[in-house]
Amino acid sequence: MKYRKLCLPAVAMKHLLAVSVALNVALVLKLMHGGDEGVGWLKAEETLAGPPKKALQEMSSSGGVNGVQNNFESGLQELYINLDHGDPTMYESYWKQSGDKTTVVLSGWRSISYFSDTRNLCWFLEPDFANAVTRLHNLVGNAATENYHIVVGTGSTQLYQAVLYALSPPNTPEPISVVSAAPFYSQYPLTTDCLKSGLHKWEGDANKFDKNGPYIELVTSPNNPDGSIRQAVVNGTGVLVHDLAYYWPQYTPISYRADNDIMLFTVSKCTGHAGTRLGWALVKDEEIAKKMTKFIEIVSIGVSKESQLRAAKILDVISDGYEKKESHEENEPFFEFGYKEIGRRWRQLRAAAGNGKPFSLPDFPTGKCNFSGHEFETQPAFAWMECKGETDDCEGFLREHKILTRGGKHFGSRSKYVRLSMIGREEHFNEFIRRLSVINSLDSPLTKD
Ligand code: PMP
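Because the structure is a prediction, the values reported are computed rather than measured.

Visitor: Tell me about the site of the ligand, residues and numbers included.
Guide: Taken together, 14 residues form the shell around the ligand, and within it Thr 157, Asp 243, Tyr 246, Thr 266 and Ser 268 come nearest. With respect to the ligand, the side chain of Thr 157 contributes an N or O atom lying 2.5 Å from an oxygen atom. Take Thr 266: an N or O atom from its side chain is 2.6 Å from an oxygen atom of the ligand. In isolation the ligand exposes 400 Å². Once the protein is present, 97% of that is buried. Put simply, the parts of the chain that give the shell around the ligand at least two residues each are helix 7 (155-167) and helix 9 (267-270). Top contributing element to the shell around the ligand by residue count: helix 7, with 3 residues. Here the shell around the ligand is composed, by residue class, of 2 nonpolar, 7 polar and 5 charged.

This is the structure in structure tokens:
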């Protein structure tokens, strides 16, 4: 009896239950669609980048997220294809077939300290990870490591914040200007200005920058979103930060060993392990490396050791694939897989997009890759596609055909352009190509001038 008095009335309980279920479903949806580059809530009722509503209902009976994947593949044609995020799930199939080689087992006692290597300037850098990074760069030949400090970050996104902090003069009345040539990576303006810092301020397109005074220019090469190979454009004495997230041999020929003062890399786009949230910076100047380390100490007291040890294993398995004969015989080497798969996708996309109408795609330079020996065109992780004809809103046009992309405005460009991911799951990409071919065969505003 006492218990009954304490309970809420049955109607109120039902309401509470309904609210709780709704909140939980909302939370699950939000978690599953947070995605790469900070895009939050679902843009459509059902998308292929994450479990849709229908799939959520079936979750309990079909064994979780993997079950969901199977269920909604069967209804592929009715669903939205989400190419908005740069989620590198294309690499999942490679890592699946590599079996246990990449498995990392950590006992409960391991890695519990804040510290990794107190002799190192970056005291939270795991030596195994530092060695694996150096080994891979030396193998591929895409960046110099000698006389560089390695700073590890929670994704290259955190390193970007750290580098802004390190390069901003602390006591000036005006924040330092931060620029990058348009179209630029959509996250730069958001991250630069998110705290409305007095230290640094986003000033947009580097081609239009004409202020006197100090500045930071971001040089992203190959570029996100358009895949172009880039150099600095501001004619001044500012500081350059080279974002080389895509300077790997599956995306572009490795034609030189980069030796810029500050270079940013990430496992997200090198190996596909975006969820590990790990990036590294190669920094020449000791003071800058120290300040970056200080920033990461202040905001997160270091970087997950579990992530570093996992990433170290993955990077070492890639290097083993080239350097140890027995692993080479078992599996195709990692970059070879990526090179072939992305190359195939680009050929499919070019065929489906039409020759300049209804869509147009950029041309890229051809070069010989010093690492693989292949002679090929840059084949970026994103396609920067233009809708021709009368359509000004390319993103909106494609959304009507259940294809989600990111419009040009996010990148400081025009909405006749969209960026779409080339590195998602194969079945989604194939379905996208099918839809693009259908659009191509229709009489649409894209074919009218
Ligand atoms: N720089 C560029 C150019 C990128 O495209 C990305 C990922 N989309 C990042 C940095 C951030 O990578 P991370 O996942 O390591 O934060």
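The rest of the description comes next.
Visitor: Give me the lowdown on helix 7, citing residues and values where you can.
Guide: For helix 7, which comprises 13 residues, the first-to-last C-alpha distance of 19 Å matches the rise-based estimate of 18 Å (1.5 Å per residue) to within 8%. Along helix 7, 10 of the 13 residues are buried, which leaves the element largely enclosed by surrounding structure. Of the residues making up helix 7, those classed as buried are Gly 155, Ser 156, Gln 158, Leu 159, Tyr 160, Ala 162, Val 163, Leu 164, Ala 166 and Leu 167.

Visitor: Help me get a handle on the pattern of salt bridges, residues and values and all.
Guide: Per the stated rule, a full pass over the model turns up 22 salt bridges. A salt bridge links Lys 284 to Asp 261; the shortest N-O distance between them is 3.6 Å. Taken together, the positions of Lys 284 in the loop between strand 8 (278-283) and helix 10 (286-300) and Asp 261 in the loop between strand 6 (239-243) and strand 7 (262-266) put the pair 23 residues apart, joining distant regions of the chain. Each of Arg 135, Asp 316, Asp 320, Glu 323 and Lys 324 takes part in one network of salt bridges that share partners.

Calculation rules
Residues numbered from 1 in each chain as written. Predicted model: local features only at pLDDT ≥ 70, side-chain atom pairs only at ≥ 80, totals over all residues. Heavy atoms only, no water. Near = heavy atom within 4 Å. Polar contact = N/O pair within 3.5 Å; in protein donor to acceptor, adjacent residues only side chain to side chain. Areas by Shrake-Rupley, 256 points an atom, 1.4 Å probe, with all protein chains shown as cover. Helix = DSSP H or I, 4+ residues; strand = E, 2+ residues; numbered from the N terminus. Nonpolar A, V, L, I, M, F, W, Y, C, P; charged D, E, K, R; others polar. Expected span 1.5 Å × (residues − 1). Buried < 20%, exposed > 50% of the residue type's maximum accessible area, 1.4 Å probe, protein only. Salt bridge = Lys/Arg side-chain N within 4 Å of Asp/Glu carboxyl O.

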